[in-house]
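Listed below are the residues making up each chain.
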Amino acid sequence: MVDRRTFNVVILGVGFLFIFTAFTTCGNIEQTVVKSLENGTFSGSGYHSLGIIYGVFSFSNLLAPSVVTVIGPKITMFLSGMLYSGYIAVFINPSTWSLYFTSVLIGIGAALLWTAQGQFLVENSEASTINRNTGMFWALLQCSMLFGNLYIYFDWNGRTEIPDGSRRSVFLSLLVTSVLGTLSFLVLRGGRREEELLSEEEGQSLLSTLGCIGVFLWPRVKRLAATALNPPLPPPRSAGLELSFYSGVYGTCIGATAQFGAAAKGLIGISGIVVGIGEIVGGGLFGLMCKNSRFRRTSVVFLGMVVHFVAFYLIFISIPSDRTPYLTPSVSIALLCSFLLGLGDSCFNTQLYSILGHVYAEQSTPAFAIFKFIQSVFAAVAFFYGGYLLLMWQLLLMVVLGFAGTLCFFVVERTQNFAADIQEY
């Protein structure tokens with residue numbers, strides 16, 4: 001019989017699977033859909049929408065830990081899922097104001113959702129199971145890359161434009177999927193330890209937030225900063241840039257490659273599926289199959305850096321930007337790059353979650369909040385420059401920050417090893 005904690009991790013993963021089947025598919029096709037709208041009054045940008053989401057997401061992390069502490073991770077994730085569903089619904093009958101308004105709302109919801117998820121996952125894990133549970137959750141989450149994108153491939157293959165009827169049917173399906181995932185959070189059971197009650201002073205501070213937001217936020221900011229610096233958090237900067245690249249930019253590049261002909265739009269969906277396969281393979285290999293070994297953590301992160309560098313090089317020589325590519329664009333190379341992007345991303349994220357859960361077992365809420373804050377700041381910046389900066393410069397920036405981020409991870413891991421050795425003596 002499955003124990004309560006494993007049941008919770010599986011249901012958590014299934015809920016995220018459904019919600020992000022909808023949201024990831026939406027982000028993957030958003031810019032293509034926006035460019036194909038027949039509504040002459042619509043002037044929104046998919047890249048700007050995603051940039052707003054991650055920008056609001058980043059700063060909402062300052063308040064998210066307190067909200068999660070007050071109402072609990074289960075209810076927080078349910079309410080956040082409703083905001084995700086509202087964003088998906090906008091594309092059924094889109095307008096510029098509703099797109100940007102719900103972008104702000106989902107940015108707030110994302111901060112709450114991921115902070116609650118991090119806390120709930122740690123609460124249902126021990127030091128001996130954190131890698132297993134992280135890998136299990138990550139593999140289920142990344143299955144979200146498969147189903148929605150498969151639907152996109154069959155519906156859009158051979159199309160050069162996206163008609164309104166096809167757009168509505170796609171987003172109605174995604175809306176139903178998101179709602180089902182949101183409802184699944186209600187099935188979750190209590191975690192390893194009940195939510196700690198706020199002290200009377202903290203409760204009064206929270207109730208007066210709207211009236212004195214600055215007074216309330218300042219101690220939270222200090223607490224988040226203290227968590228980030230003692231011990232230091234592994235910087236997720238490059239993970240933010242790569243998230244925006246594989247989830248929004250790369251699919252659009254494939255769909256705009258003229259050499260792929262009528263198959264280009266359908267290849268957006270196939271690319272998303274192959275990214276998901278890479279994520280699932282990585283989650284299984286480096287999460288479920290790895291024990292709590294610090295050596296393996298650094299090895300996996302180094303592998304992720306190498307895999308991403310290979311992908312970036314292949315994209316540079318085979319996908320056109322402002323020049324003729326060095327290689328004739330090839331579907332097989334494009335999809336290989338998709339797989340490598342997913343595999344490399346899973347290398348980074350499984351190990352980042354693992355080290356956070358290991359080091360911050362007693363401070364999981366602020367730790368995951370500051371992690372998502374940094375990641376989403378860089379993702380927001382990347383989405384805003386994605387529509388303006390040439391592909392080659394985006395790739396170069398990810399190479400530089402990817403190398404720097406890997407070095408920083410090694411430093412943090414080495415610091416933790418040294419601290420552990422001192423405690424033994």
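Residues numbered from 1 in each chain as written. Predicted model: local features only at pLDDT ≥ 70, side-chain atom pairs only at ≥ 80, totals over all residues. Heavy atoms only, no water.

Draft legend 1. Highlighting the overall build of the protein chain. Tallying secondary structure elements over the protein chain gives 16 helices and 0 strands in all. Within the protein chain, the fraction of its 425 residues that count as buried is 57%. For the protein chain, the accessible area works out to roughly 17,300 Å², and carbon and sulfur atoms hold 68% of it. (Helix = DSSP H or I, 4+ residues; strand = E, 2+ residues; numbered from the N terminus. Buried < 20%, exposed > 50% of the residue type's maximum accessible area, 1.4 Å probe, protein only. Areas by Shrake-Rupley, 256 points an atom, 1.4 Å probe, with all protein chains shown as cover.)

Draft legend 2. Quick look at helix α3 (residues 64-71). Of the positions making up α3, those classed as buried are Ala64, Pro65, Ser66 and Val68. Downstream of α3 by a residue or two, Gly72 has a phi angle that is positive, lying close to 90°.

Draft legend 3. Spotlight on the packing of helix α1 (residues 4-36) against helix α2 (residues 46-60). Running from amino to carboxyl end, α1 crosses α2 at an angle of 140°, the nearest separation of the two axes being 8 Å. For the pair formed by α1 and α2, the contact residues are Phe23, Gly27, Glu30, Gln31 and Val34 on the first element and Gly46, Tyr47, Ser49, Leu50, Ile53 and Tyr54 on the second. Split by residue class, the contact of α1 with α2 holds 6 nonpolar, 4 polar and 1 charged. (Axes fitted to C-alpha atoms, helices over the stretch in contact; angles between N-to-C directions. Contact = heavy atoms within 4.5 Å. Nonpolar A, V, L, I, M, F, W, Y, C, P; charged D, E, K, R; others polar.)

Draft legend 4. Just the nonpolar core, in detail. Of all hydrophobic cores here, the largest spans 106 residues; its most connected members are Phe16, Trp114 and Phe171. If we ignore the near neighbours within four places in the chain, the residues touching Phe171 are Cys26, Ile29, Val33, Ile88, Phe91 and Ile92. (Core = buried A, V, L, I, M, F, W, Y, C linked by side-chain atoms within 4.5 Å.)

Draft legend 5. Geometry of the packing of α3 against helix α4 (residues 73-90). Here α3 crosses α4 at 115°, and the two axes come no closer than 7 Å. Taken together, the residues of α4 that come into contact with α3 (itself represented by Val67, Val68 and Ile71) are Pro73, Ile75, Thr76 and Leu79. Here the contact of α3 with α4 is built from residues that sort into 6 nonpolar, 1 polar and no charged.

Draft legend 6. Structural view of α1. Taking 1.5 Å as the rise per residue, α1 with 33 residues should run 48 Å; its terminal C-alpha atoms sit 47 Å apart, in good agreement. For α1, a buried count of 26 out of 33 residues is recorded, marking the element as mostly surrounded by other parts of the structure. (Expected span 1.5 Å × (residues − 1).)

Draft legend 7. A look at the side chain of Ser125. Inspection of the secondary structure puts Ser125 in the loop between α5 (96-123) and α6 (130-142). One polar contact links the side chain of Ser125 to the main-chain carbonyl oxygen of Leu121, over a distance of 2.7 Å. Side-chain polar atoms of Ser125 contact the side chain of Asn133, separated by 2.8 Å. (Polar contact = N/O pair within 3.5 Å; in protein donor to acceptor, adjacent residues only side chain to side chain.)

Draft legend 8. Examining a nonpolar patch on the surface more closely. Residues Phe18, Val70, Ile71, Ile75, Leu79, Val176, Leu180, Leu183 and Leu186 make up a contiguous nonpolar surface patch of roughly 740 Å² in combined accessible area. Of all the secondary-structure elements, those providing two or more residues to the nonpolar patch are α3, α4 and α8 (164-184). Sort the elements by how many residues they give to the nonpolar patch and α8 lands first, with 3 residues. (Patch = residues over 30% accessible without salt bridge, like charges linked within 9 Å, V, L, I, M, F, W, Y side chains within 5 Å. Salt bridge = Lys/Arg side-chain N within 4 Å of Asp/Glu carboxyl O.)

Draft legend 9. Structural detail: the environment of Gln351. Structurally, Gln351 is set in helix α14 (residues 331-359). Overall, Gln351 belongs to the buried group, its relative accessible area being 2%. Residues Gln351 and Thr298, 53 residues apart in the sequence, show an inter-C-alpha distance of 8.1 Å. Beyond its immediate chain neighbours, meaning those up to four positions away, Gln351 contacts Phe286, Arg297, Val300, Val301 and Phe409.

Draft legend 10. Here's a closer look at the packing of aromatic side chains. What the rule picks out here adds up to 17 aromatic pairs. On the basis of an interplanar angle of 75° and a centroid distance of 5.2 Å, the ring pair of Phe16 and Phe137 is categorised as edge-to-face. Pair noted here: Phe16 is in helix α1 and Phe137 is in helix α6, with a separation of 121 residues, a long-range link. Comparing Phe16 with Phe137 shows no difference in burial state: the two are buried. Here Tyr87 and Phe91 contribute two aromatic rings whose centre-to-centre distance is 5.5 Å and whose plane-to-plane angle is 80°, an arrangement assigned as edge-to-face. For the pair Tyr87 and Phe91, one class covers both residues: buried. (Phe/Tyr/Trp six-rings, centres within 6.5 Å; stacked < 30°, edge-to-face > 60°.)

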